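# Descriptive structure summary
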Amino acid sequence: EIMMEIGRAYLYKNDPQNAEKYFDQAIRINPVKNILILDLARYHVMNAMQNKDLTSTELPKAKAFLEKYLKSVPEAVVPLKAYTLGLLTRVEMILGNKAESEKLMKLAVAEAEKFGPSDQRLANSLNNLGRLYHTQGKYDQAEPLNKRALAIREKDLGPAHPDVAKSLNNLALL
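Below, the structure is looked at part by part.

Cut-offs applied
Residues numbered from 1 in each chain as written. Predicted model: local features only at pLDDT ≥ 70, side-chain atom pairs only at ≥ 80, totals over all residues. Heavy atoms only, no water. Helix = DSSP H or I, 4+ residues; strand = E, 2+ residues; numbered from the N terminus. Buried < 20%, exposed > 50% of the residue type's maximum accessible area, 1.4 Å probe, protein only. Contact = heavy atoms within 4.5 Å. Lys, Arg positive; Asp, Glu negative; His and termini not counted. Charge placed at Lys NZ, Arg CZ, Asp CG, Glu CD. Axes fitted to C-alpha atoms, helices over the stretch in contact; angles between N-to-C directions. Parallel < 35°, antiparallel > 145°, perpendicular 65-115°, else oblique. Left-handed = near helix turned anticlockwise from the far one by under 90°. Nonpolar A, V, L, I, M, F, W, Y, C, P; charged D, E, K, R; others polar. Salt bridge = Lys/Arg side-chain N within 4 Å of Asp/Glu carboxyl O. Arc of directions from axis to C-beta.

We now examine the overall build of the protein. When helices and strands are counted, the protein shows nine helices and zero strands. In the protein, the order of α-helices and β-strands from amino to carboxyl end is α-α-α-α-α-α-α-α-α. Considered along the principal axes of its C-alpha atoms, the protein spans approximately 50 × 35 × 30 Å. Within the protein, the proportion of its 174 residues that are buried is 41%. Summarising the internal contacts of the protein: among those between residues at least 6 apart in sequence, 51% fall at separations of at least 24. Averaged over its 25 positive side-chain charges, the protein has a centre that lies 1 Å from the centre of its 21 negative ones.

Structure, rendered in structure tokens:
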């Protein structure tokens, strides 16, 4: 626990190199602490979000940590795996790697399917893949995904929920 807390303290002090050293030690002691790798990834994503000039340096670092987490043992549990794939997808999109982003989004949908056919995480993954297809001009592939996301959201959240409005907007844009 102490290694983890020291690592987090270094992150708060904007010292990710030392944070990583302590996180690595914590993971060696207890492999279940591999979730700390996500703290490093999120740190670099947040830096890029706060300062767009850092995107080209911070997002590749975030990508490396996200990929490291996905390959770590023990394997990520389904919710964290889906979350990590979604975050990695966004990083790839921002970096301009659309083919890789599409591949990862499909994996995120497959992971989200494990939550069940009416889970909001599945609706979000379907919506994200639909948005990607929309930006690529693949409207025939985007439409069924957006319709499925809308159906899940309407059933679970009701017709007046803001996420339902977002789904309707995505369909209207097609």
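Having seen the model, we can carry on.
This paragraph deals with the side chain of Ser101. Within the secondary structure layout, Ser101 lies in helix α6 (residues 98-113). Overall, the relative accessible area of 0% leaves Ser101 in the buried class. Apart from residues no more than four positions distant in its own chain, Ser101 is found in contact with Thr89, Glu92, Met93 and Leu132.

This part takes up the environment of Arg8. Mapped onto the fold, Arg8 is located in helix α1 (residues 2-12). In this structure Arg8 touches Phe23, Leu36 and Asp39, once residues within four positions along its chain are discounted.

The next point concerns the packing of α6 against helix α7 (residues 120-135). Between α6 and α7, whose axes approach to 9 Å, the crossing angle comes to 160°. Comparing the axis directions of α6 and α7 gives the class roughly antiparallel. Every pair of crossing elements has a handedness; the one defined by α6 and α7 is left-handed. From α6, Lys98, Ser101, Glu102, Met105, Lys106, Ala108, Val109, Ala112 and Glu113 reach across to α7, where they touch Arg121, Leu122, Ser125, Leu126, Asn128, Leu129, Leu132 and Tyr133. For the contact of α6 with α7, a count of residues per class yields nine nonpolar, three polar and five charged.

This part covers the pattern of salt bridges. One pass over the full model with this rule turns up 18 salt bridges. Notably, a salt bridge pairs Glu143 with Lys147, separated by 3.1 Å at the nearest N-O pair. With a gap of four residues between them, Glu143 and Lys147 both fall in helix α8 (residues 139-157), about one helical turn apart. Here the residues in one salt-bridge network are Glu5, Arg8, Asp39 and Arg42, joined through shared partners.

So, on to α1. Side chains of residues three or four places apart in an α-helix project in the same direction, reflecting 3.6 residues per turn. Along α1, the residues classified as buried are Met4, Gly7 and Leu11. Summarising the axial view, the buried residues of α1 lie within an arc of 65°, below the 170-degree limit, and thus occupy one face. Turned more than 90 degrees off the buried face of α1, the exposed positions are Ile2 and Tyr12. Considering only its buried residues, α1 is in contact with α2 (16-29) and α3 (36-50). Asn14 lies just past α1 and shows a positive phi near 60°.

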